[in-house]
Amino acid sequence: MDDLKTRGLVLLGCGKMGSAMLKGWLDGGLPPASVTVLDPHPSDWLKSTGVHLNADLPENPAIVLLAVKPQMMGDALPALQKLGNGSTVFLTVAAGITIATYEEILGAETPIVRAMPNTPAAVGRGITGIVGNAKASKVDVDLAESLLQAVGLVVRLETEAQIRPLMAISGCGPAYVFHLIEVMAAAGEKAGLPADMALQLAKATVAGAGHLAEVSDESPAQLRINVTSPGGVTAEALRVLMDEENGFPVLMERAVEAAIERDEELANG
Ligand SMILES: NC(=O)C1=CN([C@@H]2O[C@H](COP(=O)(O)OP(=O)(O)OC[C@H]3O[C@@H](n4cnc5c(N)ncnc54)[C@H](O)[C@@H]3O)[C@@H](O)[C@H]2O)C=CC1
Ligand SMILES: O=C(O)[C@@H]1CCC=N1
């Protein structure tokens with residue numbers, strides 16, 4: 001991390017994901033002076049951080065983090081081409097775009113780490129899958145890992161192909177969970193609770209259940225059973241949610257398949 005402070009970090013694209021990660025790093029003590037951000041539409045928060053904004057690039061940054069939309073990568077990446085084929089590690093979080101594509105644009109000698117984070121990184125509770133190319137040394141991948149560990153957990157993938165299903169679970173997953181909160185709150189309101197109370201109940205329940213699932217020695221299935229009194233009320237709700245034809249399992253499977261299909265489309269341009 002000292003190398004990072006001295007040589008600097010460049011962030012290309014500071015929208016929702018870039019900001020989530022940058023916030024985590026700045027909160028964790030990375031000096032704003034070590035960071036250069038390129039983004040044509042900087043947020044007020046970004047302007048307030050004190051990072052170098054849309055300034056000249058450092059000569060030999062330790063890391064370039066690519067966090068623009070996959071559709072914008074083709075336009076944005078050539079500006080960084082001169083840092084390719086050197087010792088700068090390119091860390092990308094974009095869905096869809098393969099390591100081979102980056103190698104074509106930046107040069108085959110470029111160390112590249114492909115990563116798939118998620119937005120809870122903003123509160124230090126993200127989880128990111130990473131995989132390096134042939135040029136990424138152990139030191140390069142360790143650097144990317146320690147940077148990402150500053151904003152949550154990191155899992156190392158065995159193959160690049162694993163990033164696709166990982167994306168559909170943990171990359172997109174926070175959106176599934178936020179939607180669960182939304183629909184639980186709406187159902188609570190429909191059943192007679194004030195809207196703000198229903199939302200508070202839904203948020204606290206998801207956060208509490210998530211924490212319990214994480215720290216408990218019992219499996220999620222057992223934790224579910226622990227809530228479900230035989231002949232009680234949860235069993236009736238679960239009969240609906242666990243329905244083999246229309247319930248959560250089939251819905252989740254279809255949702256994950258849809259995310260994967262879209263990732264394949266993005267990969268094929
Ligand atoms: N939002 C999420 O939960 C996750 C997003 N990702 C990936 O992160 C990347 C960014 O996604 P979001 O942050 O959600 O998108 P976003 O739209 O919030 O952010 C993209 C940013 O790129 C900037 N930008 C556009 N053109 C640019 C250029 N030529 N040079 C520099 N910056 C430019 C935009 O002004 C914007 O601030 C995507 O590739 C996505 O696949 C990965 C995991 C999770
Ligand atoms: O929706 C997207 O394309 C990005 C990738 C994973 C989460 N958000």
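Everything numeric in this text was worked out from a predicted model, so none of it was measured.

## A few points about the site of ligand 1
Close to ligand 1 lie 22 residues; Lys16, Met17, Asp39, Val68 and Ala95 are nearest. Separating an oxygen atom of ligand 1 from a side-chain N or O atom of aspartate 39 is a distance of 2.6 Å. In the complex, 80% of the free accessible area of ligand 1, which totals 830 Å², lies under the protein chains. Counting residues per element, the shell around ligand 1 draws most heavily on helix α4 (residues 70-76), which supplies 3 residues. Across the shell around ligand 1, the residue classes break down as 15 nonpolar, 4 polar and 3 charged.

## Here we look at unusual backbone geometry
Generally, phi is negative for residues other than glycine and the peptide bonds are trans, each holding for most cases. With a phi close to 50°, asparagine 54 is a non-glycine residue in the positive phi region. For asparagine 54, the location among the structural elements is in the loop between β3 (52-53) and β4 (63-66). Taking relative accessible area as the criterion, asparagine 54 reaches 42% and is therefore assigned partly exposed. Residue asparagine 85 is not a glycine yet carries a positive backbone phi of 60°. Within the fold, asparagine 85 resides in the loop between α4 and β5 (89-92). By relative accessible area, which is 45% here, asparagine 85 ends up partly exposed.

## Notes on the domain arrangement of the chain
Taken domain by domain, the chain comprises domain 1 (2-158) and domain 2 (171-267). Between domain 1 and domain 2, the C-alpha centre-to-centre distance is 32 Å. The interface of domain 1 with domain 2 comprises 10 residues on the first partner and 8 residues on the second. Of the roughly 640 Å² buried at the junction of domain 1 and domain 2 (both faces included), carbon and sulfur atoms supply 56%. On the domain 1 side of the interface with domain 2, the three residues burying the most area are Gly96, Asn118 and Arg125, jointly 44% of the side's total. Remark: the boundary between domain 1 and domain 2 carries 1 salt bridge. Taken together, the connections running from domain 1 to domain 2 amount to 2 residue pairs in polar contact (both at pLDDT 80 or more). Taken together, the residues of the side of domain 1 that touches domain 2 sort by class into 5 nonpolar, 4 polar and 1 charged.

Thresholds, definitions, all that
Residues numbered from 1 in each chain as written. Chains lettered and ligands numbered in written order. Predicted model: local features only at pLDDT ≥ 70, side-chain atom pairs only at ≥ 80, totals over all residues. Heavy atoms only, no water. Near = heavy atom within 4 Å. Polar contact = N/O pair within 3.5 Å; in protein donor to acceptor, adjacent residues only side chain to side chain. Areas by Shrake-Rupley, 256 points an atom, 1.4 Å probe, with all protein chains shown as cover. Helix = DSSP H or I, 4+ residues; strand = E, 2+ residues; numbered from the N terminus. Nonpolar A, V, L, I, M, F, W, Y, C, P; charged D, E, K, R; others polar. Buried < 20%, exposed > 50% of the residue type's maximum accessible area, 1.4 Å probe, protein only. Domains from an automatic or database assignment. Contact = heavy atoms within 4.5 Å. Buried area = accessible area lost by both parts, 1.4 Å probe. Salt bridge = Lys/Arg side-chain N within 4 Å of Asp/Glu carboxyl O.

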